Amino acid sequence: MRLFDHSPRLVRLAAAAVLAAGAAVAAPAQAGGKFIFANSSAYDTLDPHAIFDVGRVASRINLYDGLMRWFDNPPHLEPWLAEKVDISDDGLTYTFTLRDAKFHDGSPVEASDVAYSIDRILEMKKGAYSLFEGTVAPGSTKAPDAKTVVFTLSKPSAIFLATVPEIHVVNEELVRANEADGDLGTAWLSKNDAGSGSFRLTRYDPAIGWQATRFEDHFFGWDMVEDPLDTIEFRTVVEINSRVLGLMNGDFHGTDGYLPQDQVKRLAASENVVVDEQESMRIFYSIIHNGRPPMNDVNFRKALSYSFDYDGFIDNILSGSVARDPVPLPNNMWGAPADVEGYTYDLEKAKEHLAMVKEEVREITLGALAGYGQTEQAAALLQNGLNKIGIESKIVSETWPVASGKMRDEEQMYDPLFLWKSTYYADPNNWLGEMYACEQIGARNNSWYCNEEVDALLSEARTSTDQALRKANYEKANRLLMEDAAGIFVYNTKWFGPFNKDVKGVRFSPIGNGQEMRWVSMD
Amino acid sequence: MRALVLTVNRLAWFVPTLLGLLAITFTISHLIPADPIAFIAGDNATAEQIAALKAKFGVDKPIPVQLWNYVLGVAQGDFGVSLYTQRPIVDDLVGRLPATLELAFVSIVASAILGIPLGVLAAVRRNSWLDHALRVFTVSGLAIAAFWLAILFQLLFAMRLGWTPLQGRVDGWGPDVITGFFLIDSAVAGDWGVFRDVVAHMILPAVTLGFPAMATVMRFTRAGVLDAINSNYVDYQLAMGVPHRVVIWRYVLRNALIGTVTQLGLILGNLIANAVVVEAVFDWPGLGLYAVNSILQSDYNAIMGFTLVIGAVFIIANLLVDVTHGLIDPRESH
């Protein structure tokens, strides 16, 4: 089976459309320019295999390339460093053919670099490692020639291609030359660049951020953008107020798109700023510990779900800036059933279900993430609802390192815990498979939820290459999870990307967060 | 002689004090139920992945063993590597410490230069309108939250009036690093354009940080001067015809400054603590933000590293205070 046997025409066509739209409203552009982005997360490392978060995605997608890449919204997967990919009929062998590309030091990107990159990820056990663990064995990726790289999977995986963009290709020779004490070059790569991406690192200071200049020899060329940026700079600015004021003042040209609504309104009112609004793929929900009484009783879980004031939270606290999402999959992801209404704030129904609970009802612990106000507000709102139906609760707000440790411990895990689930790859498995597969209990399944019917659907969808079957399975699994009240599913996030009014050509994708700068130009 | 004995005595306590600080901080940071390895490994990490990383970083061993290994490393100049970046902690500290020290130093010098004369003035004109006005001013300095003041300054001086930069330490990336102190580095390079830019960026954070320090200095100086001004030697000197101004600024102030100088040593500790907030608001790339991030991420080696460095700075500052006492107060030297 051959997929993507073409040059990235779709990428070019889509880029042309986006850029034409930008040009239609833009004044004649000046050549080049410097774009400064105020980032909330600190770039404490630039090693593309050490980190796998949305907050620092810019260093990965601007300095490095992968075989495939996600574009636009809803995200679609396109070949990038790869020219084409052949998949064997048994779904186990993926053969990528590379296009001509150069690393920033001028050496060619070769298949052996790809093989080295995936093996480095597997050996470091950091970043995107978990996406490939159990699917790609160390040393199993081969480079029969300079242009061909062959992945032989340990088991069929329908999501493998969706995770390939996270294999950021590093220059093997350069990294090996900078290894120290068998550290795989991690210390060196944390502050240097060994990529082939659209921009080449010129400065880095972990206390400030990083700066890069346009890589003229990038394989994709620069003819798609009339006046591409000369320099990009991503600076760490922790305080929201400082990011907002800096953008209004013209010191910065962009900042993250998940600001509180009061700040978004402030920015939208500024004559220097335009705010681009798009529905993203980041759900807000509450994990419920299904493995512990009384939450192991579906009626108690339903009582919880009916006790949360969804409309009050979305309309009043969040000013309607998000989209209600009744299932654990983002509304705009395929596999999300369109006809599910989900739970509402209905205390009478909550009481009815509470009355059917067989176990003794005790005080429960509502978890929230310290420093993430929305999680604390949601916990308080749920506590208010629970008070009204006679369930006692206490709120525990802890930092993410504390919470992430407890989430993997059945004894320490909170009863419910409010948090987000972001997009790491655009496939329903990113949410349903990670959150509710039985084999993931204690690892990625922090609900201790195991339903044989749901598990069979997820397992089949994870390995099948039949898209129609996968879609049907995920839709059914969503319905079952909602019926089971496996969690309290609240909303899907909207992205409000604030940019300087002179910035044109931003391409938002939930995976790249609109931070791939090769498409951007400035008046 | 006594000053020398005092100095040697303080230096002898330097290492045990740091060891005590290290043991306490190490124990507290490791008893917090955080799991930095799970955090590093990411949302999707498996239990096996986390266990392998714990073994790799040695955090699967008992806390006393970890502490012993850490102390052995520090004794050899090895502060370990960051759990997150794998970079040596020393590199991170060296990169950030000058920014914080430069800001703290400018703030404390400015607070002393302004606070001491104003304190003398308030004491000399006790109960005048000037004294009352300065008292309101100092109470404000002590009461206003640093982050609130910082934002007000930003809105007024940077956004509305456009007199100062909004944030950052310098436009762009600053001068070539020699000492890490941008004022010094730009002056040494003779790049006065960058020097002026550094000064401009320094004003708002230094004033924010220095305001409560200046208030403290002013209040202690005022109290010290009021205490000294009623002494017999002052009456004697005035009776002998020594001009009032000379009596105040040469004799009274010298006696009054003993309490103020003691306070300056303590103020330095407060300045570094407040720098966390001020650095966050003004996007100042110093140790404060590094410390906060390290604590939030439970990056043990980083927490230990900055604790040791800040502890050492604090101890040295107080040593200098003791030495300065000897210089101001001749009784200390005998």
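Structure report, in brief.

Procedures and definitions
Residues numbered from 1 in each chain as written. Chains lettered and ligands numbered in written order. Predicted model: local features only at pLDDT ≥ 70, side-chain atom pairs only at ≥ 80, totals over all residues. Helix = DSSP H or I, 4+ residues; strand = E, 2+ residues; numbered from the N terminus. Buried ≥ 20, exposed ≤ 12 C-beta atoms within 10 Å, placed from the backbone. Contact = placed C-beta atoms within 7 Å. Core = buried A, V, L, I, M, F, W, Y, C linked by C-beta atoms within 7 Å. Domains from an automatic or database assignment. Nonpolar A, V, L, I, M, F, W, Y, C, P; charged D, E, K, R; others polar. Axes fitted to C-alpha atoms, helices over the stretch in contact; angles between N-to-C directions. Parallel < 35°, antiparallel > 145°, perpendicular 65-115°, else oblique. Left-handed = near helix turned anticlockwise from the far one by under 90°.

### Here's the deal with the overall build of chain B
Each helix and strand counted, chain B has 13 helices and zero strands in total. In sequence order, chain B lays out its α and β elements as α-α-α-α-α-α-α-α-α-α-α-α-α. When each of the 334 residues of chain B is scored for burial, the buried share is 43%. Considering only residue pairs separated by 6 or more positions, chain B has 73% of its internal contacts joining residues 24 or more positions apart.

### Thoughts on the nonpolar core
Formed by 154 residues in total, the largest nonpolar core has its most connected members in Leu67, Tyr436 and Val490 of chain A. In this structure, this core is formed jointly by two domains, domain 1 (2-253 + 502-522) and domain 2 (279-494) of chain A, each of which donates at least three residues. In contact with Leu67 of chain A, other than residues within four places in its own chain, are Trp80, Leu81, Ala82, Phe96, Val114, Val164 and Ile167 of chain A. Counting 74 residues, the second-largest nonpolar core is a separate cluster that includes Tyr84, Ala146, Trp284 and Ile310 of chain B.

### Quick look at the interface of chain A and chain B
With 41 residues of chain A in contact, the opposing surface of chain B contributes 40 residues. Of all elements in the fold, only helix 4 (129-132), helix 7 (186-189), strand 9 (199-205), helix 8 (240-249) and helix 14 (400-406) of chain A reach the threshold of two or more residues within the side of chain A that touches chain B. When grouped by side-chain class, the residues that make up the side of chain A that touches chain B number 15 nonpolar, 13 polar and 13 charged.

### Remarks on the packing of helix 9 (residues 192-229) of chain B against helix 11 (residues 244-281) of chain B
Residue and element names in this part refer to chain B. Direction vectors running N to C along helix 9 and helix 11 enclose 160°, while the axes themselves pass 8 Å from each other. Judged by the inter-axis angle, helix 9 sits roughly antiparallel to helix 11. For the element pair helix 9 and helix 11, the recorded crossing hand is right-handed. Residue composition of the contact of helix 9 with helix 11, grouped by class: 17 nonpolar, nine polar and one charged.

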